[in-house]
Amino acid sequence: MSEYFSSFLPFMLEGTWRTLEVFVLTLLISLPLGLPFALGALSKIKPLSFICKVYVWIFRGTPLMLQLFFFYFFFPIVLHIELALFPTVIITFVFNYSAYFAEIYRGGINSIDRGQYEAAHALGVPKSLTMKDIILPQAMKNVLPPVVNEAITLVKDTALASSLGFIELMKATNSAVNRTSDISIFFWAALIYLIMTFVLTVLAGRLEKYFARYDAKEEW
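Residues numbered from 1 in each chain as written. Predicted model: local features only at pLDDT ≥ 70, side-chain atom pairs only at ≥ 80, totals over all residues. Heavy atoms only, no water.

Q: Where do I start with the overall build of the protein chain in this structure?
A: Across its full length, the protein chain holds 10 helices and zero strands. Listing the helices and strands of the protein chain from first to last along the sequence gives α-α-α-α-α-α-α-α-α-α. Burial statistics for the protein chain: of 220 residues in total, 35% are counted as buried. The long-range fraction of contacts in the protein chain, counting pairs at least 24 apart against all pairs at least 6 apart in sequence, stands at 76%. Carbon and sulfur atoms make up 69% of the accessible area of the protein chain, which totals about 13,100 Å². (Helix = DSSP H or I, 4+ residues; strand = E, 2+ residues; numbered from the N terminus. Buried < 20%, exposed > 50% of the residue type's maximum accessible area, 1.4 Å probe, protein only. Contact = heavy atoms within 4.5 Å. Areas by Shrake-Rupley, 256 points an atom, 1.4 Å probe, with all protein chains shown as cover.)

Q: How should I be thinking about the pattern of salt bridges in this particular structure?
A: A pair can form between side chains of opposite charge whenever their charged atoms are brought close. Summed over all chains, the structure comprises two salt bridges. Here Arg18 and Glu21 are joined by a salt bridge, their closest N and O atoms 2.7 Å apart. With a gap of three residues between them, Arg18 and Glu21 both fall in helix α2 (residues 9-42), about one helical turn apart. Residue Glu21 is classed as partly exposed on the basis of its relative accessible area of 25%. For Arg106, the salt bridge is made with Glu103, and the minimal N-O distance between the two is 2.6 Å. Residue Arg106 and its partner Glu103 are both found in helix α5 (residues 85-110); the two are separated by three residues, about one turn of the helix. (Salt bridge = Lys/Arg side-chain N within 4 Å of Asp/Glu carboxyl O.)

Okay, structure coming up:
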């Protein structure tokens, strides 16, 4: 049994680690980056709103794999800007998921009743503070489920980086299968993906319970 696992385990561990690197870095950068684009899209400044909406439209409307090819091949060939593989993957994933998170945030902000804006205005609260202290905290609680869904999708989308030769879990699994001719290794890869998504689901459930208790205390 030990010989069986030693034949592919090092590949799987390396691939899992690289998958987690892409996942964590993408979330850490794209989660906060999506908010300025959401606010920009809602802005009354027409040029700013237009730019943000076009950005979201482009990155949500084209396949992630195409974006990976664009950043990896277009920049060096046309613009003569050389990007290493890992930064290319991170930049592409960040741009793509920032657009998705921006749209989620925009929907969350729009879900807040307009009466709260009017009440804050009647009390003399500045628009910036209204957004920061009243609207955004409520919107962030509302967008938690779709954000978690996107995070789970991100875990699986990391496999697309293998199209550039990036060694993540799927690429490592294919390498292990080619070396050992044992297709049962795909089962272990599926199990690792399921474990990662299960952990995210559990964390999301605890966050939702926390916010539910917080809301209950406020009502009380």
